[in-house]
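Below are the chains, spelled out letter by letter.
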Amino acid sequence: MLAGKRIVLGVTGGIAAYKAVEVSRRLVDAGAHVVPVMTAGAEHFIGRTTLSALASEPVQTSLWDEASPIPHTLLGQTADLIVVAPATARLLAAYAAGLSTDLLTNVLLATRAPVVVCPAMHTEMWEHPAVQANVATLRSRGVHIVEPEEGRLAGGDVGAGRLAAPERIVAAIEAVLSAGDDLAGLHVVVSAGGTREPIDAVRVIANRSSGKQGYAVAAEAAARGARVTLVSTVDLPVPGGVVVRTVETAAQMQAALTELAPSADVIVMAAAVADFRPVVVAAGKLKKDQGIPQIVLEPTPDILAGLGASKPAGQVLVGFAAETSDLLANAESKLQRKNLDLIVANDVAAPGVGFQHDTNAVTLVQRGGEVDTIALTDKRSIARAILTIVVGIRAASTIPNSKRSLTK
Ligand code: CTP
């Protein structure tokens, strides 16, 4: 996995910088080529000789003193992965803001390789809203964050902020490299956001869905090499490499998805589709002096059930289930009823879960009955877990029947 991979190891100025030496040693032992980059701050904590001796080549620190006139583009373009361990609050802020202040931040901005960032700092700093906002920004862009651990910090304090153990950092690097572009060549269609069903010219029936989970799935699929079409009702920043079709109502979403479905290898139906819409839409604005209107509702089409009924062979169909009770039973019945391969169920009544939050906690139920639970985490990590299961379902379905019985 790590053999032959070119990994830039960025080290910034924190007391945990000494652990970067161990990370480097483990990577080199596993066959990786480690290119060390230290910031000026890091040199207060470890000597460049130590890291140079244990990495695959000498430490670089500056944009100006190296043999190459453009070390940052060279390093950024040739890396298979960049890891920053430890990452200080300053590094997180500069990277989130796109500020190129030294060789390491230049390399981070001049790469398309996956990036793993391992923050380490005092608890107060780690929990500061500015730091957490920068971490959230980086995550939303697909940067992999290895969360710090609880433990003893410099100066004898105890709390969250200690650099993750070197083995955890190396495991995260391996996981990122193995995910790689496992969706390359596939067309992934994702729906996101709540539909809005008109009552009159100005009013709609809407729901609380923010669309963030669908956008995170789209971003993750694109990062893993898929061609991604996002059918969306909301106006969020479009992830790189994703084509968006904007719709408003369930009927419009159904039309877009019905058109896209035949060419889709994977469909992830993260949208919150209204179940009911007004039978009659008033032409103008309903006025108060006309009295209290009686709004008669009719069901909308169940888009996902329709996609399940006409699912082409080999397509993986993923639905969501927003529940407030009997999570597993309801999810399983929706999975069967709508002919899905995977259903992502969340208890939308739980704190921090589902609608409008940046975090989610889900139970993933596969057609065969396999159940995975993901505790409260950011929506990008949930997206990562969903797509990893999708890749597994595709791999299992391409094993010829004769072999499948042998592998049991
Ligand atoms: N869905 C859909 N079309 C609808 C309603 C739901 O495609 N008219 C999809 C959602 O996008 C989601 C899945 O079906 O992927 C389950 O949606 P959910 O609202 O949890 O369940 P419903 O089928 O609407 O059932 P209920 O309202 O009884 O929970």
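No experiment lies behind these values; they were computed from the predicted model shown. (Residues numbered from 1 in each chain as written. Predicted model: local features only at pLDDT ≥ 70, side-chain atom pairs only at ≥ 80, totals over all residues. Heavy atoms only, no water.)

## Description of the overall build of the protein
Next up, step 1: Helix and strand counts for the protein come out as 14 helices and 19 strands.
Next up, step 2: By residue count, 48% of the 408 residues in the protein fall in the buried class.
Next up, step 3: Contacts in the protein between residues far apart in sequence, at least 24 positions, make up 64% of those at least 6 positions apart.
Next up, step 4: Averaged over its 36 positive side-chain charges, the protein has a centre that lies 4 Å from the centre of its 38 negative ones. (Helix = DSSP H or I, 4+ residues; strand = E, 2+ residues; numbered from the N terminus. Buried < 20%, exposed > 50% of the residue type's maximum accessible area, 1.4 Å probe, protein only. Contact = heavy atoms within 4.5 Å. Lys, Arg positive; Asp, Glu negative; His and termini not counted. Charge placed at Lys NZ, Arg CZ, Asp CG, Glu CD.)

## So, helix H13 (residues 379-397)
Next up, step 1: Relative to the 27 Å expected for 19 residues at 1.5 Å per residue, H13 spans 27 Å between its end C-alpha atoms, a close match to the ideal helical length.
Next up, step 2: Where H13 is concerned, the buried positions are Lys379, Arg380, Ile382, Ala383, Ala385, Ile386, Leu387, Ile389, Val390 and Ile393. (Expected span 1.5 Å × (residues − 1).)

## Description of the sheet that holds strand S5 (residues 144-145)
Next up, step 1: The five strands lie next to each other as S2-S1-S3-S4-S5, forming an open sheet whose pairing is parallel. Looking at which strands have only one partner, the edges of the open sheet turn out to be strand S2 (33-38) and S5.
Next up, step 2: Pairing of strand S3 (residues 81-87) with strand S4 (residues 115-119) involves four bridges; the strand directions are parallel. Looking across to S4, one finds that Val83 is bridged to Val116.
Next up, step 3: The strands touched by helix H8 (residues 166-179) within the sheet are strand S1 (6-11), S3, S4 and S5, with S3 carrying the most contacts at an inclination of about 155°. (Pairing = 2+ DSSP bridges. Axes fitted to C-alpha atoms, helices over the stretch in contact; angles between N-to-C directions.)

## Some points on unusual backbone geometry
Next up, step 1: Residue Pro86 is bonded to the preceding Ala85 through a cis peptide linkage, with omega at -5°.
Next up, step 2: With respect to the element layout, Pro86 can be found in strand S3.
Next up, step 3: For Asp326, which is not glycine, the phi dihedral falls at a positive 45°.
Next up, step 4: Structurally, Asp326 is set in the loop between strand S16 (316-323) and helix H12 (327-337).
Next up, step 5: Accessibility expressed as a relative area gives 57% for Asp326, which makes it exposed.
Next up, step 6: The phi torsion at Asn339 lies on the positive side, around 60°, for a residue other than glycine.

## Observations regarding the sheet that holds strand S12 (residues 242-246)
Next up, step 1: The eight strands lie next to each other as S12-S11-S8-S13-S16-S17-S18-S19, forming an open sheet whose pairing is mixed. The sheet is open, and its two borders are formed by S12 and strand S19 (371-378), each paired with just one other strand. When the angles between neighbouring strand axes are averaged without regard to direction, this sheet yields 20°.
Next up, step 2: Its contacts with the sheet put helix H10 (residues 250-260) on strand S8 (187-192), strand S11 (227-232), S12 and strand S13 (266-269), and the angle it makes with S8 is roughly 170°.
Next up, step 3: Docked against the sheet, H12 engages S16, strand S17 (342-347), strand S18 (359-366) and S19, running at close to 150° with respect to S17.

## Observations concerning the domain arrangement of the protein
Next up, step 1: Its domain assignment divides the protein into domain 1 (6-179) and domain 2 (187-401).
Next up, step 2: With centres defined by C-alpha atoms, the gap from domain 1 to domain 2 works out at 36 Å.
Next up, step 3: Each side of the interface is counted separately: domain 1 has six residues, and domain 2 has four residues.
Next up, step 4: Of the roughly 400 Å² buried between domain 1 and domain 2 on both sides combined, carbon and sulfur atoms contribute 47%.
Next up, step 5: Three residues, Arg139, His144 and Ala179, lead the burial of domain 1 against domain 2; their summed loss comes to 72% of the area buried on that side.
Next up, step 6: The partner of Asp378 in a salt bridge is Arg139, with the nearest N and O atoms 3.2 Å apart.
Next up, step 7: The tally of links from domain 1 across to domain 2 stands at two residue pairs in polar contact (both at pLDDT 80 or more).
Next up, step 8: Here the side of domain 1 that touches domain 2 is composed, by residue class, of one nonpolar, three polar and two charged. (Domains from an automatic or database assignment. Buried area = accessible area lost by both parts, 1.4 Å probe. Salt bridge = Lys/Arg side-chain N within 4 Å of Asp/Glu carboxyl O. Polar contact = N/O pair within 3.5 Å; in protein donor to acceptor, adjacent residues only side chain to side chain. Nonpolar A, V, L, I, M, F, W, Y, C, P; charged D, E, K, R; others polar.)

## Overview of the pairing of S18
Next up, step 1: Within S18, six of the eight residues are buried, leaving the element largely enclosed by the surrounding structure.
Next up, step 2: As paired strands, S17 and S18 are joined by four bridges and run antiparallel to one another. Of the residues in S18, the one forming a bridge with Leu342 is Gln366.
Next up, step 3: Pairing of S18 with S19 involves six bridges; the strand directions are antiparallel. Bridge pairing links Val365 to Val371 in S19.
Next up, step 4: Where S18 folds back on S19, the antiparallel hairpin that results is connected by four residues, among which Gly369 adopts a positive phi of roughly 100°.

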